[in-house]
Amino acid sequence: MDKIIEYMLAEDEGFGDITSNAVVEKDKIVNASIISKDEGILAGIDVIRELFEEYGIEITLCLKEGVRISKNDLLISFRGDARTILLLERTALNLLMRMSGVASAAAEYADLVRDYDVRIAGTRKTSPGIAKFDKYALTVGGVDTHRFSLDDMVLIKDNHIAVCGSPLDALLNAKENTSFSKKIEIEVETLDDAVECVENGADIVMLDNMSGNEVKNVIDELEKLNIRQNSLIEVSGGITKENIMDYVEYGVDIISIGALTHSSRSLNFSLRIE
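Criteria and cut-off values
Residues numbered from 1 in each chain as written. Predicted model: local features only at pLDDT ≥ 70, side-chain atom pairs only at ≥ 80, totals over all residues. Heavy atoms only, no water. Helix = DSSP H or I, 4+ residues; strand = E, 2+ residues; numbered from the N terminus. Buried < 20%, exposed > 50% of the residue type's maximum accessible area, 1.4 Å probe, protein only. Contact = heavy atoms within 4.5 Å. Areas by Shrake-Rupley, 256 points an atom, 1.4 Å probe, with all protein chains shown as cover. Lys, Arg positive; Asp, Glu negative; His and termini not counted. Charge placed at Lys NZ, Arg CZ, Asp CG, Glu CD. Phe/Tyr/Trp six-rings, centres within 6.5 Å; stacked < 30°, edge-to-face > 60°. Pairing = 2+ DSSP bridges. Axes fitted to C-alpha atoms, helices over the stretch in contact; angles between N-to-C directions.

1. Structural notes on the overall build of the chain
Reasoning step 1: Helix and strand counts for the chain come out as 11 helices and 12 strands.
Reasoning step 2: Each of the three principal axes of the chain carries a C-alpha extent, and together these read 75 × 35 × 25 Å.
Reasoning step 3: For the chain, buried positions account for 47% of its 274 residues.
Reasoning step 4: Residue pairs in contact within the chain that sit at least 24 positions apart in sequence constitute 72% of those at least 6 positions apart.
Reasoning step 5: If you sum the accessible surface of the chain, you get close to 14,200 Å²; carbon and sulfur atoms cover 46% of it.
Reasoning step 6: One way to put it: in the chain the 29 positive side-chain charges average out to a point 5 Å from where the 49 negative ones average out.

2. A word on the packing of aromatic side chains
Reasoning step 1: Applying the stated criterion across every chain yields a total of two aromatic pairs.
Reasoning step 2: Relative to F78, the ring of F52 has its centre 4.5 Å away and its plane inclined at 15°; by these criteria the two rings are stacked. Here F78 lies in strand β5 (residues 74–81) and F52 lies in helix α3 (residues 45–54), a separation of 26 residues in the sequence. Judged on exposure class, the residue F52 and its partner F78 are both buried.
Reasoning step 3: For the pair Y247 and Y250, a centre-to-centre distance of 6.3 Å together with 80° between the ring planes defines the contact as edge-to-face. Placement of both Y247 and Y250 in helix α10 (residues 244–250) is noted, with a separation of three residues, approximately one turn of the helix.
Reasoning step 4: Look at Y250 and you get partly exposed, because its relative accessible area is 22%.

3. Overview of the sheet that holds strand β9 (residues 204–208)
Reasoning step 1: Reading across the sheet, the six strands line up as β6-β11-β10-β9-β8-β7 and stay open at both edges, with parallel pairing between neighbours. Each having just a single partner strand, β6 (119–121) and β7 (154–156) make up the two edges of the open sheet. Ignoring strand direction, the axes of neighbouring strands in this sheet form an average angle of 20°.
Reasoning step 2: Sheet topology places strand β8 (residues 184–188) next to β9; four bridges connect them, and they run parallel. Across the sheet, residue V188 finds its bridge partner in β9, namely L207.
Reasoning step 3: On top of the sheet, helix α7 (residues 167–177) reaches β7 and β8; it is set at about 170° to β8, its chief contact.

Now the structure itself:
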């Protein structure tokens, strides 16, 4: 994360903050704060604290990670060199607003299913370069991160299957060539493939882009065959706040939602120098 933030700062600074260097007195000490202009869940405040402290800025955290915030809430205050604060401003705000937006979206979904035995998860559909920040924000929002990276688990998707020939062929290859320490998940699109993969020992079977009725049919068939308990069942694709409860009622174990990271709205925060 440190290297990513260094790159963000270098990208924003270019060859120097010519505006601040031209108009702000050198070594000028000021007080500043970040104010919320939005409502949601606060995420990334600890990251921002470390960033400012690394550059010698004195920090006072006003609110903790994961709390619900409202408009005009004071999030963090600091005192230090004005040029340094202005140099860090945009990178700090971009990260804090993005992470808080992801956490807020995650919390909305988590709240919907709080009373049910189902897990909401993110996906790898994150913004390039900041996946670790997105994943951390998901946890702050109260949902599962799913995979952090490709080495976390085996996840056989449609393109793997296209190369292997069939879901079963891909699954059997994975079972033969994967350490016992890694779970194996496979994405399927039909009832028959779902049943076959459960019967052949997939740890997790993802029902991809299936309608609610299709998901119900799979669950019913697995229960009829008395193999429902053999695999976790995950659903993904086209799931929204409006239809999520349909999938919950069918009894799935995991609901993964890429929109938590690829389409979440950043919250609106402002840095003000007194």
